Amino acid sequence: DDTGGDYYDYYKIDDDRIAVVIGDVTGHGVGSALLMATARSALHALWMKEQDPKTLLECLNGLLAADMGGDRFITLFLGVFDMSRNVLTYSSAGHDSPLLYRPSDDSILELESTGIPLGMVEGVEFPNRQVFLRPGDGLYMMTDGVWEAMNPKNETYGRERLFSFIRAHGDHDPKETCEALVRDVE
C-alpha cells in the first residue's frame, strides 16, 4: 500500500503551450506503479509526434488495452494550455474532474471526463473540450486521495470541504495553497 499508481507531469510544447497530465491506476502496490510507469513511458514516446489530447489518449488507450487484460485500468486527464489564446484544451479518460476556480464570480467548474478509463476497451474515442481562462483562474488537479482521505472517525475529507478550501485559498500563491491543502487533509 505504500506504493501506488498516481502520476502527474507537465511538458513544455513551445513558448505558448504547456501540457499537463494527471492519472491514477486502480489498486495499490508495485503492479500499479509499474503499470503507470509503462503508461508514462508510452505517453512520452507519443508526445514526440502528437500534442493533441484527443489523439494522444486514443493512441495510449490502444496500446494499453491490447496489453492490460481488462483487470486494471488507468484514469488520466490531459490538458494543453495555450497561453497566447487563454484556452485549455483537454481530454479525460475517466479521471476525477479537475476543478477550475474562477475568483471573478467565485465559481468552481468541474471539467468532466470525456471518455472511459484507459485500457478497458480498444477503439474508444476521447473527444477534446475547451475552456477559456480568465485572469486569476486556478486549475486544481488531483486524484481521489484528497477527498477520499479519512479521519479516525471514518469521515472523508469530501468534495464540499475541498470546494470550501479552494474558495478560501483561491487567490494565494499556488505553492502555499498546495502545502496548505496537504496540511488540511492531514
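Structural data are supplied above this passage.
Residues numbered from 1 in each chain as written. Predicted model: local features only at pLDDT ≥ 70, side-chain atom pairs only at ≥ 80, totals over all residues. Heavy atoms only, no water.

Asks: When you look at the environment of G5 in this model, what are you seeing that I'm missing?
Replies: Its place among the elements puts G5 in the segment before β1 (7–12). What makes G5 buried here is its relative accessible area of 2%. Separated by 25 residues in sequence, G5 and V30 have C-alpha atoms that sit 8.3 Å apart. Apart from residues lying up to four places away in sequence, G5 is in contact with G23, D24, V25, S32, A33 and M36. (Helix = DSSP H or I, 4+ residues; strand = E, 2+ residues; numbered from the N terminus. Buried < 20%, exposed > 50% of the residue type's maximum accessible area, 1.4 Å probe, protein only. Contact = heavy atoms within 4.5 Å.)

Asks: I tried to follow the sheet that holds strand β5 (residues 99–102) on my own but got confused; where do I start?
Replies: The strands that make up a sheet pair up through hydrogen bonds in the backbone, lying either parallel or antiparallel. Across the sheet, 3 strands lie side by side as β6-β5-β8; this open sheet has antiparallel pairing. The open sheet is flanked by β6 (107–110) and β8 (138–140), the only strands paired with a single partner. This sheet shows a mean twist of 25 degrees between the axes of neighbouring strands, independent of strand direction. With 4 bridges joining them, β5 and β6 adopt antiparallel strand pairing. The residue bridging R102 from the neighbouring strand is S107, located in β6. (Pairing = 2+ DSSP bridges. Axes fitted to C-alpha atoms, helices over the stretch in contact; angles between N-to-C directions.)

Asks: What's the story with the layout of surface pockets in this structure? I'm lost.
Replies: With a probe scaled to a water molecule rolled over the atoms, the places where space remains empty come into view. If you add up the space inside the largest pocket, you get close to 1000 Å³. Forming the boundary of the largest pocket are 33 residues, of which L139, Y140, M141, M142 and C178 lie nearest the centre. Mapped onto the lining of the largest pocket, the elements with two or more residues apiece are β1, β2 (17–25), β8, α3 (159–169) and α4 (174–185). Ranked by the residues each element gives to the lining of the largest pocket, the list is headed by α4, at 6 residues. Residues belonging to the lining of the largest pocket are distributed by class as follows: 20 nonpolar, 8 polar and 5 charged. (1 Å grid on protein atoms, 1.4 Å probe; cavity = no way out; pocket = protein on both sides within 12 Å on 5 of 7 lines; lining within 4 Å. Points joined across faces, edges and corners; volume = space filled by probe spheres on them. Nonpolar A, V, L, I, M, F, W, Y, C, P; charged D, E, K, R; others polar.)

Asks: For this particular structure, what's the right way to read the side chain of S92?
Replies: Locating S92 in the fold gives a position in strand β4 (residues 87–93). Overall, the relative accessible area of 0% leaves S92 in the buried class. Sequence-distant contacts of S92, that is, excluding residues within four places in its chain, are made with L57, L76, F77, S113, T114, G115 and F126.

Asks: Can you help me understand helix α2 (residues 53–68) in this one?
Replies: Residue pairs three or four apart in sequence face the same way in an α-helix, which turns once every 3.6 residues. Given a rise of 1.5 Å per residue, 16 residues ought to cover 22 Å, and the 21 Å separating the end C-alpha atoms of α2 matches this to within 8%. Three or more residues of α2 are buried, namely P53, L56, L57, L60, N61, L64, A65 and M68. Down the axis of α2, the buried side of the element spans an arc of 150 degrees, and every buried residue falls inside it. (Expected span 1.5 Å × (residues − 1). Arc of directions from axis to C-beta.)

Asks: Whenever I open this one, the environment of F165 confuses me. Can you help?
Replies: Along the chain, the position of F165 falls in helix α3. A relative accessible area of 6% means that F165 is categorised as buried.

Asks: Hey, could you run me through unusual backbone geometry in this one?
Replies: Note on backbone geometry: most residues besides glycine have negative phi, and most peptide bonds are trans. With a phi angle near 55 degrees, N86 is a residue other than glycine that sits in the positive phi range. With respect to the helices, strands and loops of the structure, N86 is situated in the loop between β3 (74–82) and β4. Owing to a relative accessible area of 42%, N86 belongs among the partly exposed residues under this scheme. In this structure, D106 is a non-glycine residue whose phi angle is positive, near 55 degrees. Looking at the secondary structure, you find D106 in the loop between β5 and β6.

Asks: I tried to follow the sheet that holds strand β7 (residues 129–132) on my own but got confused; where do I start?
Replies: Read across the sheet, 5 strands follow the order β1-β2-β3-β4-β7 without closing on themselves; strand pairing throughout is antiparallel. Lying at the two open borders of the sheet, with one neighbouring strand each, are β1 and β7. When strand polarity is set aside, the average angle formed by the axes of neighbouring strands in this sheet is 20 degrees. Pairing between β3 and β4: 7 bridges, direction antiparallel.

It is worth stressing that arrangement in space is one thing and function is another; only the former is reported here.
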